[in-house]
Amino acid sequence: MVEPVDWRADGVPRSARFGDIYHTETGALAQSRHVFLGGCNLREAWAGQPQWLILETGFGFGLNFLTTWQAWRADPARPWMLHFVSIEAHPVALDDLLRAAAAYPELRELAELLAEQWLELLPGFHRFCFDDGRVLLTLCVGDVQAMLRAQRFEADSIFLDGFSPDRNPVMWSPDTLKSVSRFARRGTGIATWTIARAVRDALTQCGFQVRKAPGLPPKRDCLRGVFDPAWTPRRRAPAAERIAPGRCAVIGAGLAGAAVAASLARRGWQVDVFDRADRPAAGASGLPVGVLAPHVSPDDALLSRLTRAGIRATWQQLAVLLAEGRDWRASGVIERRPDGDLRLPPAWTSEGPNLSWPADAGQLASAQLPADTAAIWHRRAGWVRPRALVDAWLAQPGIRLQAGCEVARIVPSGAGWQLFGADDTLLGDADRVVVAAGFESGRFAASLPLQPVRGQVEWGRVASNSALPQAPVNGDGHLVAQVPDSDGALWLSGATFDRDSIDTTPRAADTAANRERLARLHPDAAALLAAAFDAAAPWVGVRCASGDRRPLVGPAPNQPGLWVCTALGSRGLTFAALCAELLAAHWHGEPLPLPAALARSLDTRRL
C-alpha cells in the first residue's frame, strides 16, 4: 500500500509518515561533498576498495541512496562495486519519488534512472542495476525483521532511518537492532538521525560504540558509531566468501555461460569461455526467437517469485545491451488460460503494483482473440532473440571466447584448474571453473541430477504486414510473430517436450503436434499460417532440466573451485542473468539478489 504524501510549497514533504526520514536525507545532501554517512567519511573509507556494501533500514524517497550514488560517481578513488541494500515496507509512489529529488538538481538525472526501474514492487527483493552493473540497489520490500532474516552479507556501512521511534517502535526495537548488528563486522560504521536514549543503549548492547555528533537543521544532533564489541561476536554461519577476481574458465557459450561470463567480467575477472561449436548459442540457446514472460499462481508460489526476479534481471540487460524492435521488443504477452482459471493472487489489483492482470477487451482485440477469452496480460514481457543477447554478453570487456574448442576434461592444479582438449592438449589454466554446458554439464559434475529435454518448434517468414498478433500469445504452447527480419517477419510456434531425448533430427510427428497446438491456442493464426507451416523449417534444441525443474547454481559436489550454472530448462531467457548474479554474489560476499529461501531453492546443495 502506498500512503499519500503531504507536500509543502517548497517541495518538502511534511507528513508524519516521511518527515523524519526526509530531514536525515537532507542532512546527507547538505554534506554530499564529503558524504558523512555510516559513521565515517565514505570517501576516505571506501577509497581503493574493490566493493562497498551498505545496509539501510527505511528507503523512504531514496535520497540517501541517490546521494551515495552521486558521491560514488564523483569520486575517482571510488570502489569498483557499490552495493546498497535498503528495507522498506511501503515503497513510495513513482511521482513522489521524483518530486522529492526534484529540489536537488544534482540528483535529478539519477532519480530519473531509478524511476525507470521503479516497477512491480511487490513484497520481496528487487534488484536495480546502474552504471554498467557497478552500482546495485537491492530494495527489500516487507517487514523489517523478515527482510533482515532473508538477506545475508557483511556491511561496510549501516544507515538507520525510517519512522521516528515513538511512531514505529518495531523499526527501532532491541530485536531489530540486534538483527542489524548481525550484518556488521568489526569496523562497520553506523549512523542515524535519532539520539533517543533507548536506541543508543540498544546499539551499545549490540556492540556498537556510538556518540552524539552535530546534526543539521532541524536536527541539532545525530548519532554516529562503529561496530567494535568488547567480546568476540558469534556467528550463526561462517562469514561469506570474498575472493579477489582472477582468471575464470566458463564451459558453455549459451545463455547460462554468457551471462556468468558477463557478471564476472563486470567484477574484474578475466574470463575464457570455451564451446565446442564454432559459434556461441549453437545449442538450446540458438532458438530463433523466444518468449520472456512470468509465471503466475494464486499463492504466488516459488516459481512465480523466481520468474519475476529473473525477468527484472534480464530486462535491465536487454534495455542496455540490445536494440529494442530489432533484437527484442517490450510488447507484453497474452497468456491464454482455461475458462475461469486466471490463477492470480487475490491481493493483486488492476492498479498494481503487479504487472500481470486479466486481459481487457482492447488487449484481446489486438491479439485477434475473442472478447470472452480467458487470458492474462503480462505487461513486463515480450520476445527476445537469444543469440543477440548471448553475443552482447560475450562482447563485454574481459571476456575471451574460444569457439570450436571442446573441453574434454578438467584437472585440479594447485589452487586452480587445468582444462584439456580431446587430444590432451592444455587449453588453459583458471583459478575457478564454471560449468554451464546444459545437459552435458554432467560430464564434469556427474552427481548432479540432470535430464535432457528435447524440444521442436516450427518457424518461418511471412510478410511484415500480416494480420498475425503483434504480441506473443502464450498458453499451451506459444506463438511469436511480427519479429522484424531482413526478409519479411519471423514467426515461431511450438514447442514439444521429449524428456531423456538428445536427438536433434526434426520429426514430422512433432510438426503435426505443433500445428494442432497452435490451432487450439490461436485458431485464426493457425489458419493464416497453414501454408507457411507446410514450408516451415523445424528447429530442434535440447534443454537441460534438474530433478525439481529449477536451475542449479552453486559449487559442484566435492570439487572445490568448480561451480555450475545449468538446468535452466525452457526458461533460459528468464533465469540466465539472475543465476549469474547469484553465483557472483556467492563468490564475492555480496548481498543476495534473492531472499535467502529463494536462493537456497536454486543452490546445488539443496539436492
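Enquirer: Looking at this structure, I do not really get the packing of aromatic side chains. What am I missing?
Expert: The relation between two aromatic rings is expressed through the spacing of the ring centres and the mutual angle of the planes. Under the counting rule described, the total for this entry stands at 15 aromatic pairs. With centroids separated by 6.5 Å and ring planes inclined at 40°, the aromatic side chains of Phe59 and Phe65 adopt a geometry described as tilted. Using a relative accessible area of 1% as the deciding quantity, one classes Phe59 as buried. Members of the aromatic cluster, joined through ring pairs, are Phe59, Phe65, Trp69, Phe84, Trp118, Phe128, Phe130 and Phe159. Its end group placed over the ring of Trp72, Arg78 keeps NZ or CZ at 4.7 Å from the ring centre. One cation-aromatic arrangement involves Arg409 over Phe420; the distance from NZ or CZ to the ring centre is 4.4 Å.

Enquirer: Would you take a moment to explain the sheet that holds strand β10 (residues 221-227) for this structure?
Expert: The strands making up a sheet associate through backbone hydrogen bonding, with each pair oriented either parallel or antiparallel. Read across the sheet, 8 strands follow the order β5-β6-β4-β3-β7-β8-β10-β9 without closing on themselves; strand pairing throughout is mixed. Two strands close off the open sheet at either side, each with one partner strand: β5 (124-130) and β9 (208-214). Strand-to-strand twist in this sheet, taken as the mean axis angle between neighbours without regard to direction, amounts to 20°. When β5 meets strand β6 (residues 135-141), the two strands line up antiparallel, connected through 7 bridges. Across the sheet, residue Cys129 finds its bridge partner in β6, namely Leu136. Packed onto the sheet, helix α3 (residues 63-74) meets β3 (51-57), β4 (81-88), β5, β6 and β7 (155-160) and runs at close to 175° relative to β4.

Enquirer: I would appreciate a short explanation of unusual backbone geometry in the present structure.
Expert: Backbone geometry follows two general trends: most residues other than glycine have a negative phi, and most peptide bonds adopt the trans configuration. Across the junction of Gly352 and Pro353, the peptide omega takes the value 15°, indicating a cis bond. With respect to the secondary-structure elements, Pro353 resides in the loop between β15 (333-336) and β16 (356-358). Here the residue pair Gly494 and Ala495 is connected by a cis peptide bond, since its omega of 5° sits within 30 degrees of zero. Among the secondary structure elements, Ala495 is positioned in the loop between β27 (488-494) and β28 (498-499). You will see that Asp500, though not glycine, has its phi angle at about 65°, which is positive. Inspection of the secondary structure assignment puts Asp500 in the loop between β28 and α13 (508-521). Asp500 gets classed as exposed once you look at its relative accessible area, which sits at 58%.

Enquirer: Before we go on, may I ask you to explain the confidence of the model for the protein chain in this structure?
Expert: When pLDDT is low, close inspection of the predicted coordinates is not appropriate. Of all residues in the protein chain, 92% have pLDDT values of 70 or greater, and the mean over the chain is 91. The model gives residues 14-36 a pLDDT under 50, and that stretch makes 67 contacts with residues more than four places away or in other chains.

Enquirer: What exactly am I supposed to notice about the environment of Gly48 here?
Expert: Note that Gly48 resides in the loop between α2 (42-46) and β3. C-alpha separation for the pair Gly48 and Ala77, spaced 29 residues apart in sequence, amounts to 5.5 Å.

Enquirer: What's the story with α3 in this structure? I'm lost.
Expert: Since the α-helix packs 3.6 residues into each turn, any two residues three or four apart lie on the same face. Helix length check: α3 (12 residues) gives 16 Å between terminal C-alpha atoms against 16 Å at 1.5 Å per residue, within 8%. Where α3 is concerned, the buried positions are Leu63, Asn64, Phe65, Leu66, Thr67, Thr68, Trp69, Gln70, Ala71 and Trp72.

Enquirer: Would you mind going over the pairing of β10 with me for this structure?
Expert: Judged by how many residues are buried, β10 sits mostly within the fold: 6 of 7 residues are covered. As paired elements, strand β8 (residues 184-192) and β10 share 4 bridges and run antiparallel to each other. Counterpart to Thr192 in the pairing with β10 is Leu223. Looking at chain direction, β9 and β10 are connected through 7 bridges and run antiparallel.

Enquirer: Quick question: what am I supposed to make of the pattern of salt bridges here?
Expert: Opposite charge on two side chains permits pairing when their charged atoms draw close. Scanning the model with the defined rule gives 32 salt bridges in all. Between Arg197 and Asp201 there is a salt bridge, with the nearest N and O atoms lying 3.0 Å from each other. Highlighted residues: Arg197 and Asp201, both in helix α8 (residues 197-205), separated by 4 residues, approximately one helical turn. Residue Arg197 is classed as exposed on the basis of its relative accessible area of 55%. When its relative accessible area of 32% is taken as the criterion, Asp201 is described as partly exposed.

Enquirer: I tried to follow the environment of Ala77 on my own but got confused; where do I start?
Expert: Among the secondary structure elements, Ala77 is positioned in the loop between α3 and β4. Ala77 gets classed as partly exposed once you look at its relative accessible area, which sits at 31%. On a C-alpha basis, the gap between Ala77 and Trp46 in space is 7.9 Å, while along the polypeptide they are 31 residues apart. Setting aside chain neighbours within four positions, we find Ala77 in contact with Trp46, Ala47 and Gly48.

Enquirer: So what exactly am I meant to see when it comes to the nonpolar core here?
Expert: The nonpolar side chains of a soluble globular protein tend to be buried with one another. Counting 57 residues, the largest nonpolar core has Leu264, Trp393, Val434, Leu583 and Trp587 as the members making the most contacts within it. Where this core is concerned, the elements lending two or more residues are β11 (247-251), α9 (255-266), β12 (270-275), α10 (302-321), α12 (386-394), β31 (562-566), α16 (572-588) and α17 (596-600). In terms of residue count, α16 provides more of this core than any other element does, 11 residues in total. Residues in contact with Val434, not counting those within four places in the same chain, are Cys248, Ala249, Val250, Ile251, Val260, Trp563, Val564, Cys565, Leu583 and Trp587. Judged by nonpolar contacts, the second largest core, of 32 residues, contains Phe59, Val92, Ala100 and Leu107.

Quick notes on the rules
Residues numbered from 1 in each chain as written. Predicted model: local features only at pLDDT ≥ 70, side-chain atom pairs only at ≥ 80, totals over all residues. Heavy atoms only, no water. Phe/Tyr/Trp six-rings, centres within 6.5 Å; stacked < 30°, edge-to-face > 60°. Buried < 20%, exposed > 50% of the residue type's maximum accessible area, 1.4 Å probe, protein only. Lys NZ or Arg CZ within 6 Å of the ring centre and 35° of its normal. Pairing = 2+ DSSP bridges. Helix = DSSP H or I, 4+ residues; strand = E, 2+ residues; numbered from the N terminus. Axes fitted to C-alpha atoms, helices over the stretch in contact; angles between N-to-C directions. Contact = heavy atoms within 4.5 Å. pLDDT = per-residue confidence, 0-100. Expected span 1.5 Å × (residues − 1). Salt bridge = Lys/Arg side-chain N within 4 Å of Asp/Glu carboxyl O. Core = buried A, V, L, I, M, F, W, Y, C linked by side-chain atoms within 4.5 Å.

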